[in-house]
Amino acid sequence: MRTRKTALILAAGKGQRMHSEVKKQYMMIFDKPVLYYSVKAFCDSSVDNIVIVTGAEDVDYVREEIVEKYGLSKVSDVIPGGKERYDSTYAGLMACPDSDYVLIHDAARPLVSVKVIEDAILGAMEYGAVAAGVPAKDTIRIVDDEAFSRETPDRRYLWIVQTPQAFSYAELKAAYDCMRKDRSGVKNITDDAMVLETYGGKKTRMIMAEYENIKITTPEDIELAETFLKSRCFLKK
Ligand code: CTP
Ligand code: MG
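Throughout what follows, the structure given in this document is the object of discussion. Note that the structure is a prediction, hence the values are computed from the model and not measured. Per chain, the residues get numbers from 1 upward, laid out in the order the sequence is written. Throughout, the order in which chains and ligands are written sets their labels, letters from A for the former and numbers from 1 for the latter. Side-chain atom pairs in this predicted model are given and counted only at pLDDT of 80 or more, local residue features only at pLDDT of at least 70, and totals for whole chains, interfaces and linings cover all residues. Water and hydrogen atoms were dropped before computing side-chain values, which therefore reflect all heavy atoms in the structure.

Considering the site of ligand 1
Alright, step 1. Consider each residue's heavy atoms; a residue with any of them within 4 Å of a molecule or strand counts as near. Residues in contact with ligand 1 amount to 19 residues; listed here are only the nearest, Gly15, Gln16, Lys83, Ser88 and Lys215.
Alright, step 2. Separating an oxygen atom of ligand 1 from a backbone N or O atom of glycine 15 is a distance of 2.7 Å.
Alright, step 3. Polar contact is the term for a pair of N or O atoms within 3.5 Å; when the atoms are in protein, one must be able to donate a hydrogen and the other to accept it, and sequence-neighboring residues count only if both atoms are side-chain atoms. One of the side-chain N or O atoms of lysine 215 is found 2.7 Å from an oxygen atom in ligand 1.
Alright, step 4. For ligand 1, whose unbound accessible area comes to 560 Å², protein coverage reaches 87%.
Alright, step 5. Those elements that provide at least two residues to the shell around ligand 1 are β1 (5-11) and α3 (85-94).
Alright, step 6. Looking at the shell around ligand 1 residue by residue, the class counts come to 5 nonpolar, 6 polar and 8 charged. Reported accessibility uses the Shrake-Rupley method at a 1.4 Å probe radius. Residues are deemed covered only where the shown protein chains occlude them. To qualify as a helix, a DSSP run of H or I must reach at least 4 residues; to qualify as a strand, a run of E must reach at least 2; elements of each kind are numbered from the N terminus. Three categories are distinguished: nonpolar for Ala, Val, Leu, Ile, Met, Phe, Trp, Tyr, Cys and Pro, charged for Asp, Glu, Lys and Arg, and polar for the others, with Gly belonging to the last.

Written out as structure tokens, the structure is:
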């Protein structure tokens, strides 16, 4: 039987740290919005369909000005998300019940490559749960409330976590259902691997991604993304 792979692109955030008029996922890099690049990479991959989760007020805009305008034909649905990132993921999971594997990706990571997406799919098939990431290059220090050094973990065990994260649909959905019953401990959940770990009791394996796969968060990230994209276009010529 064929396995069905769905990508959920999360674009329902407010982008508060960007302090811009236009939400960061709709800001232009060269002549196209950030969200276009994130979705296009998945269109060029082997996923079967793509669900975009966005703000209720932006559903029409995304459908008309991004999906239709650029012919992103693998997009099967554009749906409203929720208050927190995990609410948006849950809305996405509810929209693709026929999936065997689900890949979850931040719309704010427009530099994701098709290779990283394919590695995430293979990883999910092998391990059931994987997250893209890169080993930390810097020393990372844990500090106290006054910024005094408390501990310096061994760098060999530190990875920077990115997306996509890819899972067996049934396992992730079960963990989410469990989280929605018991919302204690939900406060520090920042990604889907944490949901699976906390509520599904399953470990996520890290897979090597790319340092370029940055998350657009503050204004200088837009410039950085432009620089990376420019060098890609240059390499293609
Ligand atoms: N996201 C979402 N629904 C939410 C919150 C976040 O779909 N309720 C998405 C964002 O649109 C983004 C991704 O999750 O693509 C990663 O989140 P983050 O970088 O934190 O984006 P924002 O929450 O929008 O930004 P900020 O935290 O600065 O407000
Ligand atoms: Mg956020």
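Considerations on unusual backbone geometry
Alright, step 1. Along the chain, threonine 163 connects to proline 164 via a cis peptide bond; the corresponding omega equals 10°.
Alright, step 2. Take proline 164: it is sitting in strand β10 (residues 159-168).
Alright, step 3. Even without glycine at this site, alanine 147 takes up a positive phi of about 70°.
Alright, step 4. If you trace the backbone, alanine 147 turns up in the loop between β8 (142-143) and β9 (149-151).
Alright, step 5. Burial classes follow relative accessibility: with a 1.4 Å probe on protein chains only, a residue under 20% of its type's maximum area counts as buried, one over 50% as exposed, and anything between as partly exposed. For alanine 147, a relative accessible area of 58% corresponds to the exposed category.

Examining the sheet that holds strand β11 (residues 205-208)
Alright, step 1. What the 7 strands build is an open sheet, ordered β5-β4-β1-β6-β10-β7-β11; its pairing is mixed. In the strand order of this sheet, the two ends are held by β5 (75-80) and β11, each with one partner. The sheet shows a mean angle of 25° between the axes of neighbouring strands, direction not considered.
Alright, step 2. Strand pairing is assigned whenever DSSP identifies at least 2 bridges connecting the two strands. Bridge count for strand β6 (residues 101-106) against β10 is 4 bridges, and the pairing is antiparallel. In the sheet register, leucine 103 faces β10, and the bridge partner there is alanine 166.
Alright, step 3. The strands touched by helix α5 (residues 169-181) are β6 and β10; relative to β10, the strand with the most contacts, the crossing angle is about 105°. Lines fitted to the C-alpha atoms define the axes, with helices restricted to the stretch that makes contact. Angles between their N-to-C directions range from 0 to 180 degrees. Whether two residues are in contact is decided by their heavy atoms: any pair within 4.5 Å suffices.

Considerations on the pattern of salt bridges
A side chain with one charge may pair with a side chain of the opposite charge, provided their charged atoms come close.
Alright, step 1. Salt bridges are counted wherever a side-chain nitrogen of Lys or Arg sits within 4 Å of a carboxyl oxygen of Asp or Glu. Using the criterion set out here, one finds 14 salt bridges in the structure.
Alright, step 2. Where lysine 202 meets glutamate 171, a salt bridge forms, and the shortest distance between an N and an O atom there is 3.7 Å. Placement of the pair is lysine 202 in the loop between α6 (192-200) and β11 and glutamate 171 in helix α5, with a sequence separation of 31 residues.
Alright, step 3. Residue glutamate 171 is classed as partly exposed on the basis of its relative accessible area of 35%.
Alright, step 4. Glutamate 212 is the partner of arginine 232 in a salt bridge, and the nearest nitrogen-oxygen pair spans 3.2 Å. In this pair, arginine 232 sits in helix α7 (residues 219-236) while glutamate 212 sits in the loop between β11 and α7, placing the two residues 20 residues apart along the sequence.
Alright, step 5. Sharing partners across several salt bridges, the network here consists of Arg85, Asp106, Arg109 and Asp192.

With respect to the pairing of β6
Alright, step 1. Most of β6 is tucked away: 6 of the 6 residues are buried.
Alright, step 2. Residue alternation in β6 divides its side chains into two sets, Tyr101, Leu103 and His105 and Val102, Ile104 and Asp106, and both sets are buried.

Section: the packing of aromatic side chains
Alright, step 1. Here a pair means two rings of Phe, Tyr or Trp (six-membered ring of Trp) with centres within 6.5 Å. Their orientation is stacked below 30 degrees between planes, edge-to-face above 60, and tilted elsewhere. As enumerated under the stated definition, the model contains 4 aromatic pairs in all.
Alright, step 2. Ring centres 5.2 Å apart and planes at 75° place the aromatic pair tyrosine 36 and tyrosine 37 in the edge-to-face group. No difference in accessibility class separates tyrosine 36 from tyrosine 37, as the two residues are buried.
Alright, step 3. Summarising the aromatic geometry, the rings of tyrosine 36 and tyrosine 70 are spaced 4.8 Å apart at their centres and angled 50° between planes, so their arrangement reads as tilted. Residue tyrosine 36 is found in helix α1 (residues 34-43), and its partner tyrosine 70 is found in the loop between α2 (59-68) and β5; the two are separated by 34 residues along the sequence.
Alright, step 4. Taken together through their ring pairs, the aromatic side chains of Tyr36, Tyr37 and Tyr70 make up a single cluster.
Alright, step 5. Sitting over a ring, as applied to charges here, requires NZ of Lys or CZ of Arg to be within 6 Å of the ring centre and within 35 degrees of the ring normal. Note that lysine 137 overlies the ring of tyrosine 211, its terminal NZ or CZ placed 4.0 Å from the centroid.

Let's talk about the state of the cysteines
Alright, step 1. Any cysteine sulfur atom paired with another within 2.5 Å is treated as part of a disulfide. Summed over the entire model, instances satisfying the criterion amount to 0 disulfides.
Alright, step 2. Residue cysteine 96 stays outside any disulfide, its sulfur separated by 16 Å from that of cysteine 43, the closest cysteine.
Alright, step 3. Not part of a disulfide, cysteine 178 finds its nearest cysteine sulfur in cysteine 96, a span of 19 Å.
Alright, step 4. Looking at cysteine 178, the relative accessible area reads 32%, which means it is partly exposed.

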